[in-house]
Structures are given as structure tokens and as C-alpha cells.
Amino acid sequence: MNKIINHLPTAELQALDAAHHMHPFTANAELAQKGVRVITAANGVMLTDSDGIQILDGMAGLWCVNIGYGRKELADVAYAQMQQLPYYNTFFQTSHVPAIALAAKLAEVSPEGFNHTFFATGGSEANDTNIRMVRHYWAAKGKPTKKIIISRENGYHGSTMGGASLGGMKGMHAQGGLPIADISYIGQPDWYNEGGDMSREEFGLKRARELEAKIYELGEDKVAAFIAEPVQGAGGVIVPPETYWPEIQRICDEHEILLIADEVICGFGRTGHWFGTDYYGIRPHIMTIAKGLSSGYAPIGGSMVCDEVANVVNHAGDFAHGYTYGGHPVAAAVALENLRIIQEEKMIENAVADTIPYLQEKWHALGDHPLIGETNMVGFMGSLVMTPDKASRSRFSADAGTVGLVARGHSFGNGLIMRHVGDRMIISPPISITRLEIDKLIDIAFKSLDETLADIKEQGLYK
Ligand SMILES: *Cc1c(COP(=O)(O)O)cnc(C)c1O
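Residues numbered from 1 in each chain as written. Predicted model: local features only at pLDDT ≥ 70, side-chain atom pairs only at ≥ 80, totals over all residues. Heavy atoms only, no water.

Participant: Can you break down the nonpolar core residue by residue, with the values?
Facilitator: Note on soluble globular proteins: their nonpolar side chains tend to be buried together. Within the largest apolar cluster, 85 residues are counted, with the highest numbers of intra-cluster contacts made by Leu102, Leu106, Phe268, Leu293, Trp363, Leu371 and Met386. Structurally, this core is a two-domain feature, drawing no fewer than three residues from each of domain 1 (37-70 + 346-458) and domain 2 (73-344). Every residue in contact with Met386, bar those within four places of it in the chain, is listed here: Leu371, Ile372, Phe396, Val403, Gly404, Ala407, Asp423, Met425 and Leu449. Counting 35 residues, the second largest nonpolar core, distinct from the first, contains Cys64, Ile150, Trp245 and Ile251. (Core = buried A, V, L, I, M, F, W, Y, C linked by side-chain atoms within 4.5 Å. Buried < 20%, exposed > 50% of the residue type's maximum accessible area, 1.4 Å probe, protein only. Domains from an automatic or database assignment. Contact = heavy atoms within 4.5 Å.)

Okay, here's the thing in C-alpha cells:
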């Protein structure tokens, strides 16, 4: 079998990468100077690079490898499906077994009333589907003016024109003529940075009520939906105050708008439940799914649609929308096997009983470190907010992200992939992580914070 080009020395792989490969969210010329890190293999929670160095993947790839690397069952299923039926579409009154079985399984594991899935190949595409579906839904109900979708600053909903427009990432909007029309934004429930003198609870209510104010401002007859991640992931693992989601739910119930929960990260065990909406007791109309759906072993995503919305859309003639590879048979078969493993091995139940409380206790203990102003964790998603002064929750005098980058450098150097968003450090490891691996993760995180503190003291960023 073709071993691809793993055999090339690192320097040659780096040179070829620099010459020919454009990376996402990357200053490519700078990276070319520095040399990219090439990952060649992985097993469990450990990655191996082209120099044979092992590193603990505290991010489960990009929040997606929920069951961990190296599960041969998924490879076997993909191999068998490729031989049986490598591809067919579901457009013109046809279907195939993997898509049928996966849609049925999703109906089983999702909250009551979710019995329908429209497939895509990832989260961004699924959110593009959502934009069109909610507008089509209202048009079918005789309310074509209900088009605006309200979302949140610093939310992340993908990188297509639609997904990035739904997202509230200013850096993304600054490039390529975004956002598209009829998307409107409210503030995010980031108490630590934006809560000022308010209590967490007061601030959660305040930010939720911005949704109601926005609906009044725009007019209920113009608003189609509100979209949000149960816990903001890419924005920095921002855990909303306890008061936030119940108030959002009240507002959605009292006004005639749809609620879209973007479960792309929160789904499939990440929060210690099947879905983030289960964790918060939210009742959305549509859930965006991807990432942990296949644990990243194959690209697949989708929109899970509640009965009420599905019934309207399904009776409104052709929905003129779809992707060539939506619900791809190999990806669907892999996703189905992934869900079987999560379910049959009781991965979520076991995590809730053992590894989640174990990790959370240790993660929160990192809050005693002099650099850390706040620790957050829901299920396996955690953040640490770094500050030069815990009492005032102040920021560093350098540009946001300066200290985060230093900490990330130390963490990578010490053998742990921990990401930074500004000066927050975040983790989202495979939900298969063991106690021993958690110990290792926490030890490296602590050591890296120590080294970061020493560095920034030297640079005069910490008094
Ligand atoms: C990653 C992500 C997306 C985009 O998914 P892709 O598969 O990268 O297109 C959408 N929403 C959320 C919450 C995400 O984290």
C-alpha cells in the first residue's frame, strides 16, 4: 500500500508544504519561514509528529476526535462501505443504507421531537442550510418577511459566507465582504471580560435580554431565528452564567422566532450529555451537528430539525438545496459506527461518573496559579483566563494574545496541545481520556503556566 510520503525527512516535507500548501487561518509566509509541524500518526489521545515526538492532544484535533484516535472499527467500516457502495447521492428520489441508518440513529439519541436530519459535509455547510431552511420555513407559513437571523458577537458558526456571517468574529468579517444581508448581532455572555461590576447572574440576564430588545428593534415580523452555541467554543470556551439560557428560552418562547442550537462542538458527549441542549435544558428547533458526529474520522455534518419545522418544510414542495457529498455513504457509515461506540461503551455515562469530575477538580485547581483569573469547564471543554491581577480581572498591557501565545508555546514544547484564544487557554480533549492522561495534561498545563509567568515577569508584563 502507498505509505504516502511519511518516509520523507521533516525538512523536505516542510519545504513541500511551504511551496504548495495554503493553510487555513494562517499567515502562510510566516509559517513557511518557521516550518510547519507535520503530524504523521495518532493513537488514543497521543499524536506523533514526523520527528517521532509524541504530544498529548488536548484539543481532540479541532474539537472533534471525541472517541480518541486509532479506533480500528471505524477504519473497517469505511473499508467495507467503500467496497459495497463508495458513493451515491440522495437527491433524486434515491437513498442509501448508511444515510438511512444514521438519520434513524440520530433520532434515537437526540432530544424528543428531533426526528429529521438534513445532511451536509461539515458544520459550516449545515449552518448555510439552516439559514435557507428557516427562511424557507417562514415563507412556507406565509411570513416571507421573517428573514433576519440574530446571532452573537464572538460566536463561531463556520467559515463559508453564510457560516462566517452568522459568526460574530470581527477578524473574519473584515475579509471578503462579510457579513451577508439580514444577520444581526447581540453581545456574548462573557462575564469575565465584559461583566464589569455586575454579578454573573445579573450579567447573564442582561445579555439574554439583548435578544428581546433586538427583536423589538427589528420587529418580530422580520426575525426568523436566533442562533447560538450552548457553550461558545472557538470564542474561548465561554461558559454562560446560569441565568442566561433559561432567559433566552423564555424570550424565544414568547416571541415567534426559531432557536438554532449550534451543537457542532457541544454535541456527542463533549458536555457530558449527548447534546449541549441536554446540559442546559434548552428546547431548540434546529441543531447543527458535525465534528464529534464522526469523531473527525470522516467529514460529515448536518441539521437536525424538529418535527414542527420538518413537517412544514417537507410539505412545501422542493427545498432547492443540497450538497453532492451530503450524507456521503462512507462518512455516514463511519459516523454510525462512532455513535455505536459512544453508546455501547457507555462513554458518556462513564465520563460523567469518573473522568469529568476528576478533570474538572484538577482544572479548577489551576485557578490557584498566580496567572489565572478564572477557570471554566463544562464536560470536557475548559478555559483558563490569564490575568496580571486576579482581583481586578484586568488585562495585560500587551496586545491581547501576546501572553496566550507564550503559554501555547510552552505547552506545545512540553508535549501538550492547548490552544489560546487571546489570553485564554482552552482544552477540549477526547472524551476517552483516562485519569492517567488527565494527570499528565494537568501537570504539563501547570508547568507551562509557571514558565509563562517567568517569561512575562522578565518582559515586565506581570507586576
Ligand atoms: C467548527 C464549527 C463549525 C464549522 O464546522 P466545519 O466543519 O469547520 O465547517 C460551526 N459551528 C461551530 C460551533 C463550530 O465549532
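Participant: Summarise the domain arrangement of the chain; cite the residues concerned and give the values.
Facilitator: You can read the domains of the chain as domain 1 (37-70 + 346-458) and domain 2 (73-344). A C-alpha centroid distance of 26 Å is found between domain 1 and domain 2. Taken together, the contacts link 38 residues of domain 1 with 39 residues of domain 2. Interface area for domain 1 against domain 2, summed over the two sides, is near 3000 Å², with a carbon-plus-sulfur share of 58%. For the pair domain 1 and domain 2, the interface holds two salt bridges. When the shortest N-O distance is used, the salt bridge between Arg200 and Glu374 registers 3.1 Å. Across the domain 1-domain 2 interface, the total number found is 20 residue pairs in polar contact (both at pLDDT 80 or more). Mapped onto the side of domain 1 that touches domain 2, the elements with two or more residues apiece are helix 3 (60-63), helix 15 (347-365), strand 11 (372-378), strand 12 (381-386), strand 14 (419-421) and strand 15 (424-427). (Buried area = accessible area lost by both parts, 1.4 Å probe. Salt bridge = Lys/Arg side-chain N within 4 Å of Asp/Glu carboxyl O. Polar contact = N/O pair within 3.5 Å; in protein donor to acceptor, adjacent residues only side chain to side chain. Helix = DSSP H or I, 4+ residues; strand = E, 2+ residues; numbered from the N terminus.)

Participant: Can you explain the site of the ligand? Please cite residues and give values.
Facilitator: The immediate surroundings of the ligand are formed by Gly122, Gly123, Ser124, Asn127, Tyr156, His157, Gly158, Glu229, Asp262, Val264, Ile265 and Lys291. Separating a nitrogen atom of the ligand from a side-chain N or O atom of Asp262 is a distance of 2.7 Å. Between the ligand and Lys291 there is a distance of 2.7 Å, counted from an oxygen atom to a side-chain nitrogen or oxygen. Protein burial of the ligand: of its 380 Å² of free accessible surface, 82% is covered by the chains. Residue composition of the shell around the ligand, grouped by class: three nonpolar, six polar and three charged. (Near = heavy atom within 4 Å. Areas by Shrake-Rupley, 256 points an atom, 1.4 Å probe, with all protein chains shown as cover. Nonpolar A, V, L, I, M, F, W, Y, C, P; charged D, E, K, R; others polar.)

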